[in-house]
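# Structure at a glance
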Amino acid sequence: TPVREALHKLEREGLATPTIQGGYTVASLTRKEIEDIFGIRSILESYAGRIATISYQDGDLRELEEKHEEAQRKLRNSKLEDLARINTEFHDVLYSLSRRPKLIEMINNLQDQTYRFRRMILREAKNAQVSISTHGVLLVALRKRDADRVETLIRKHILRGQRIILKSLEKKEEKF
């Protein structure tokens, strides 16, 4: 029963598709759906970053700094398979600083649909280096409480990921 309920939840969220044989497959996304998801994420997450920059309290950035340091260590040690999880945790911590539960819920729903893309992006060392470097610049802007810079960095960060995925999609079929 719990597995069946989980599969129905994945279906409702658009992450799984029922098959004729009674099983499920991972849902494919079209180019337009990918563009929409990343576009919406860029708006919601950059807004959450703006609010977090304005409202975080002393000591709140320590966990972000630790996640950034962990990602740097994993990259140096070529442990790229761990980066998607760490990257997600970094973003989760950042958006939690906004202290806006509804906004965080909306972001999480979209992130669930794109986690597979995050793994694809970060498994390449060059992409991982750019992502981790961007997180470092983002931390500097957060410390300075530069909400405009944080908002811009997050939007560009997400849209860069979209470009990487769409470029990869062009090399394959129409669905991903």
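Residues numbered from 1 in each chain as written. Predicted model: local features only at pLDDT ≥ 70, side-chain atom pairs only at ≥ 80, totals over all residues. Heavy atoms only, no water.

## Details of the overall build of the protein chain
As a reminder, the rule being used: Secondary structure counts use DSSP, requiring at least four H or I residues in a row for a helix and at least two E residues in a row for a strand, with both numbered from the N terminus. Throughout, the radius of gyration refers to the C-alpha atoms, and the reference size of a globule is 2.2 Å times the residue count to the power 0.38. Accessibility here uses a 1.4 Å probe with only protein chains present; expressed as a share of the type maximum, an area under 20% marks a residue as buried, one over 50% as exposed, and anything in between as partly exposed. The contact criterion used is simple: two residues touch if any of their non-hydrogen atoms lie within 4.5 Å. Surface accessibility follows the Shrake-Rupley procedure with a 1.4 Å probe radius. Residue values consider only the protein chains on display as shielding. Under this rule, positive means Lys or Arg and negative means Asp or Glu; His and the chain ends count for nothing. A charged residue contributes its charge at one atom only: NZ of Lys, CZ of Arg, CG of Asp or CD of Glu.
Regarding its fold elements, the protein chain presents 7 helices and 2 strands. N-terminal to C-terminal, the α/β element order of the protein chain is α-β-β-α-α-α-α-α-α. Over its C-alpha trace the protein chain gives a radius of gyration of 17 Å, about what one expects of a compact globule, namely 16 Å for 176 residues. With the principal axes as the frame, the protein chain shows a C-alpha extent of 55 × 35 × 30 Å. Sorting the 176 residues of the protein chain into buried and exposed places 44% on the buried side. In the protein chain, the proportion of contacts linking residues at least 24 apart, taken out of those at least 6 apart, comes to 74%. As presented, the protein chain carries roughly 10,100 Å² of accessible surface, and 51% of it is formed by carbon and sulfur atoms. In the protein chain, the 34 positive side-chain charges and the 27 negative ones have mean positions that sit 4 Å from each other.

## With respect to the environment of D112
Checked against the element boundaries, D112 lands in helix 5 (residues 101-122). With 32 residues separating them in the primary sequence, D112 and K144 have C-alpha atoms 31 Å apart.

## A look at helix 3 (residues 62-76)
Condition: Every helix has an expected span of 1.5 Å times one less than the residues it contains.
Between its first and last C-alpha, helix 3 extends 21 Å over 15 residues, near the 21 Å set by a 1.5 Å rise per residue. Burial in helix 3 covers these residues: L64, E65, K67, H68, E70, A71 and L75. Buried residues in helix 3 make contact with helix 4 (83-96) and helix 6 (125-143). S78 occupies a position one or two residues after helix 3 and carries a positive phi of about 55°.

## Describing the packing of aromatic side chains
To be explicit about the condition: Only centres within 6.5 Å qualify two rings of Phe, Tyr or Trp (six-membered ring in Trp) as a pair; their planes then separate them into stacked at under 30 degrees, edge-to-face at over 60, and tilted for everything else. The rule is short: NZ of Lys or CZ of Arg within 6 Å of the ring centre and within 35 degrees of the ring normal puts a charge over the ring.
Following the criterion strictly, the structure yields 1 aromatic pair and no others. Judged by centre distance (6.1 Å) and plane angle (45°), the ring pair of F38 and F117 falls under tilted. Here the residue F38 occupies a position in helix 2 (residues 31-55), and F117 occupies one in helix 5, the gap between them amounting to 79 residues. Here F38 matches F117 in class, with each residue buried. Here the basic side chain of R145 rests over the ring of Y56, its NZ or CZ set 3.7 Å away from the ring centre.

## Observations regarding the environment of L153
Mapped onto the elements of the fold, L153 is located in helix 7 (residues 147-170). Linking L153 and L138, residues 15 residues apart in sequence, is a C-alpha distance of 6.7 Å. Residues within four places of L153 in sequence aside, it is in contact with V137, L138 and A141.

## Examining helix 4
For helix 4, with 14 residues, the first-to-last C-alpha span of 20 Å sits near the 20 Å given by 1.5 Å per residue. Of all 14 residues that make up helix 4, 10 are buried, and the element is covered over most of its length. All of the buried residues along helix 4 are L83, A84, I86, N87, T88, F90, H91, V93, L94 and Y95. Each element contacted by the buried residues of helix 4 is listed here: helix 2, helix 3, helix 5, helix 6 and helix 7.

## Let's talk about the layout of surface pockets
Just so we agree on the cut-off: Put plainly, a pocket is an open set of points on a 1 Å grid over the protein atoms alone with protein on both sides within 12 Å along at least five of seven lines, a cavity is a set where a 1.4 Å probe fits but cannot get out, and a lining residue has an atom within 4 Å of a point. Grid points are joined across faces, edges and corners, and a volume is the space filled by probe spheres set on the points. Each residue receives one of three labels: charged for Asp, Glu, Lys and Arg, nonpolar for Ala, Val, Leu, Ile, Met, Phe, Trp, Tyr, Cys and Pro, and polar for the others, Gly being one of them.
The space that makes up the largest pocket amounts to roughly 240 Å³. Along the walls of the largest pocket sit 10 residues, with E124, N127, I164, S168 and K171 positioned nearest its centre. Per element, the largest residue contribution to the lining of the largest pocket is 4 residues, and it comes from helix 7. Its residues assigned to classes, the lining of the largest pocket comprises 3 nonpolar, 2 polar and 5 charged.

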